[in-house]
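So the chains spell out like this:
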Amino acid sequence: MRKNFGSKPWCYPQPVFILAAYDENGVPNAMNAAWGGIHYDDQIAMCISANHKTTANIIASKAFTVSMADVDHMVACDYVGIESGNKVPDKFARAGFTATKSEFVNAPVINELPMCIECRLVSYDPETCNLIGEIVNVSADERILDENRKIDASKLRPITFDPVRNDYLVIGEKVGDAFRSGLALK
């Protein structure tokens with residue numbers, strides 16, 4: 001038996017992304033955004049409303065970064081989602097974040113978050129809140145790399161948003177091998 005919930009924006013896992021951009025004075029700001037994902041091989045799509053300070057910064061600077069929220073920084077990542085950069089100009093610093101300017105785009109890489117997608121703005125539609133960015137680079141702190149110098153999700157420990165219960169959950173347990181486990185049924 002199934003229970004019907006109607007039309008809801010529910011999907012699992014729902015990544016917790018931290019978008020960051022510089023304002024006109026070079027001050028970084030960040031926001032928490034859970035509605036987004038890969039759009040094409042070289043693009044990421046996000047759903048963010050026009051009233052966010054970060055949205056205005058992205059439109060003005062034509063660049064942004066998307067960091068993966070992780071267990072170690074869950075409180076700071078939640079904070080940048082519940083506090084407005086329009087009201088608290090030092091929100092980024094209050095979260096305990098520091099930034100290094102991306103080598104590839106005019107946007108801040110959040111030093112504390114170990115994985116970052118660096119993007120150029122492709123388009124933004126204020127009516128649909130659809131933001132598209134071209135992925136220019138992905139960077140990762142060495143502490144989350146495995147012995148083959150690849151990103152290890154169990155070291156990254158990204159969090160996901162549970163939109164039904166409003167919880168954060170951790171990702172990282174390996175349960176199979178993509179493109180190989182299903183071969184058992186061939």
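Residues numbered from 1 in each chain as written. Predicted model: local features only at pLDDT ≥ 70, side-chain atom pairs only at ≥ 80, totals over all residues. Heavy atoms only, no water.

Draft legend 1. Inspection of a nonpolar patch on the surface at higher detail. On the surface, Phe5, Trp10, Tyr12 and Val164 cluster together into a nonpolar patch covering about 400 Å² of accessible area. Here Val164 is to be found in the loop between strand S10 (159–162) and strand S11 (167–170). (Patch = residues over 30% accessible without salt bridge, like charges linked within 9 Å, V, L, I, M, F, W, Y side chains within 5 Å. Areas by Shrake-Rupley, 256 points an atom, 1.4 Å probe, with all protein chains shown as cover. Salt bridge = Lys/Arg side-chain N within 4 Å of Asp/Glu carboxyl O. Helix = DSSP H or I, 4+ residues; strand = E, 2+ residues; numbered from the N terminus.)

Draft legend 2. Looking closely at the packing of aromatic side chains. For the structure on display, the rule yields three aromatic pairs. On the numbers, 6.4 Å between centres and 55° between planes, the contact of Phe161 with Tyr168 is tilted. (Phe/Tyr/Trp six-rings, centres within 6.5 Å; stacked < 30°, edge-to-face > 60°.)

Draft legend 3. Inspection of the side chain of Asp152 at higher detail. Among the secondary structure elements, Asp152 is positioned in the loop between strand S9 (130–140) and helix H4 (153–156). The charged side chain of Asp152 is buried without a salt bridge, its nearest counter-charge being Lys155 at 4.7 Å. Not counting residues up to four positions away in its chain, the partners in contact with Asp152 are Ile144 and Asp146. (Buried < 20%, exposed > 50% of the residue type's maximum accessible area, 1.4 Å probe, protein only. Lys, Arg positive; Asp, Glu negative; His and termini not counted. Contact = heavy atoms within 4.5 Å.)

Draft legend 4. Inspection of the pairing of strand S8 (residues 115–125) at higher detail. Looking at chain direction, strand S5 (residues 63–68) and S8 are connected through five bridges and run antiparallel. Paired with Ser67 across the two strands is Cys116, which belongs to S8. Relative to S9, S8 is paired through 10 bridges, and the arrangement is antiparallel. By the bridge assignment for S9, Arg120 is matched with Glu134. Connecting the antiparallel pair S8 and S9 is a turn made up of four residues, with Cys129 showing a positive phi of about 65°. (Pairing = 2+ DSSP bridges.)

Draft legend 5. The arrangement of the pairing of S5 in detail. Buried residues dominate S5, accounting for six of its six residues. Of the two faces of S5, the one holding Ala63, Thr65 and Ser67 and the one holding Phe64, Val66 and Met68 are both buried throughout. Where strand S1 (residues 17–22) lies against S5, four bridges are found, and the strand directions are antiparallel. Within S5, the residue paired with Ala20 across the bridge is Thr65.

Draft legend 6. The arrangement of helix H2 (residues 74–82) in detail. Within H2, the full set of buried residues consists of Ala76, Cys77, Tyr79 and Val80. Seen end-on, H2 carries its buried residues on one side only, within an arc spanning 155°. Those residues of H2 that are exposed and aimed more than 90 degrees away from the buried face are Val75 and Ile82. Close packing links the buried residues of H2 with S1, strand S2 (28–33) and helix H3 (91–94). (Arc of directions from axis to C-beta.)

Draft legend 7. Spatial organisation of the sheet that holds S8. Across the sheet, which stays open at both edges, the seven strands sit in the order S2-S1-S5-S8-S9-S4-S3 with antiparallel pairing between neighbours. At either margin of the open sheet sits one strand with a lone partner, and together these are S2 and strand S3 (36–40). Put simply, the sheet's adjacent strands are angled 35° from each other on average, direction ignored. In the packing of helix H1 (residues 53–61) onto the sheet, the strands contacted are S1, S2, S5, S8 and S9, and the crossing angle to S1 comes to about 55°. On top of the sheet, H2 reaches S1 and S2; it is set at about 95° to S2, its chief contact. (Axes fitted to C-alpha atoms, helices over the stretch in contact; angles between N-to-C directions.)

Draft legend 8. Molecular detail of the pattern of salt bridges. By the definition in use, this model includes six salt bridges. Its salt-bridge partner being Arg149, residue Glu142 comes within 2.9 Å of it at the nearest N-O pair. When its relative accessible area of 52% is taken as the criterion, Glu142 is described as exposed. Exposure remark for Arg149: the relative accessible area of 53% places this residue in the exposed category. Here Asp177 ties to Lys174 by a salt bridge, and the two come within 2.8 Å at their closest N and O atoms. Relative accessible area serves as the criterion here: at 63%, Lys174 is assigned to the exposed category. What you see here is one network of salt bridges that share partners, running through Lys174, Asp177 and Arg180.

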